Amino acid sequence: MTTSTYPMNKAQLVERRNLAKLAMELAQKQYLELTAIGPSCANCENFIGRRGGGGKCSKWDAEPPDDVKEVGCDEWSHDGIPF
Ligand code: SF4
């Protein structure tokens, strides 16, 4: 079911404008947060790092090749923790 925006009175115009602005600000904040994440093995929850380099992927039970480490694979998964 869809509801029409029109007709509306002045109070409704202000309310809808404020809600649209809030939704836009929230979407922009989320967009910036999402674009700040660059997928790689280093920030994948499946990666088990080692001091001094190396590391292993628990998903594939192997050390990912360097080109995959750089951008992550299709199974990349982020837990939201920034380290
Ligand atoms: S190979 Fe894929 S699943 Fe494994 S750590 Fe890298 S991005 Fe994550």
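### With respect to the overall build of the protein chain
Here is step 1 of the chain: Scanning the protein chain from terminus to terminus reveals two helices and two strands.
Here is step 2 of the chain: Put simply, the protein chain runs from its N terminus to its C terminus through helices and strands in the order α-β-β-α.
Here is step 3 of the chain: Computed over the C-alpha atoms, the radius of gyration of the protein chain is 22 Å, more than 25% above the 12 Å expected from 2.2 N^0.38 for a compact globule of 83 residues.
Here is step 4 of the chain: With the C-alpha coordinates aligned to their principal axes, the bounding extent of the protein chain is approximately 65 × 25 × 20 Å.
Here is step 5 of the chain: Long-range contacts, defined here as pairs at least 24 residues apart, represent 51% of the contacts in the protein chain between residues at least 6 apart.

### Brief notes about unusual backbone geometry
Here is step 1 of the chain: Cis geometry is adopted by the peptide bond preceding P7, which originates at Y6 and carries an omega value of -5 degrees.
Here is step 2 of the chain: Tracing the sequence through the fold places P7 in the segment before helix 1 (10-35).
Here is step 3 of the chain: In this structure, D61 takes a positive phi of about 55 degrees despite not being glycine.
Here is step 4 of the chain: Note that D61 resides in the loop between strand 2 (56-57) and helix 2 (66-71).

### A look at the site of the ligand
Here is step 1 of the chain: Within the structure, the ligand sits among 13 residues, and C41, C44, C57, G72 and C73 are positioned closest to it.
Here is step 2 of the chain: Split into classes, the residues belonging to the shell around the ligand amount to nine nonpolar, two polar and two charged.

### Brief notes about the domain arrangement of the protein chain
Here is step 1 of the chain: One can read the domain layout of the protein chain as domain 1 (1-36) and domain 2 (38-83).
Here is step 2 of the chain: Between domain 1 and domain 2, the C-alpha centre-to-centre distance is 37 Å.

### Quick notes on the confidence of the model for the protein chain
Here is step 1 of the chain: The predicted model of the protein chain has a mean per-residue pLDDT of 91, with 94% of residues at 70 or higher.
Here is step 2 of the chain: Mean pLDDT per element in the protein chain: strand 1 (residues 47-48) is the minimum at 94, and helix 1 is the maximum at 97.

### Digging into the environment of E45
Here is step 1 of the chain: Structurally, E45 is set in the loop between helix 1 and strand 1.
Here is step 2 of the chain: With 14 residues separating them in the primary sequence, E45 and K59 have C-alpha atoms 9.5 Å apart.
Here is step 3 of the chain: Beyond its immediate stretch of four places on either side in the chain, E45 contacts S77, H78 and D79.

Conventions adopted
- Residues numbered from 1 in each chain as written.
- Predicted model: local features only at pLDDT ≥ 70, side-chain atom pairs only at ≥ 80, totals over all residues.
- Helix = DSSP H or I, 4+ residues; strand = E, 2+ residues; numbered from the N terminus.
- Rg over C-alpha atoms; globule rule 2.2 N^0.38 Å.
- Contact = placed C-beta atoms within 7 Å.
- Near = placed C-beta within 6 Å.
- Nonpolar A, V, L, I, M, F, W, Y, C, P; charged D, E, K, R; others polar.
- Domains from an automatic or database assignment.
- pLDDT = per-residue confidence, 0-100.

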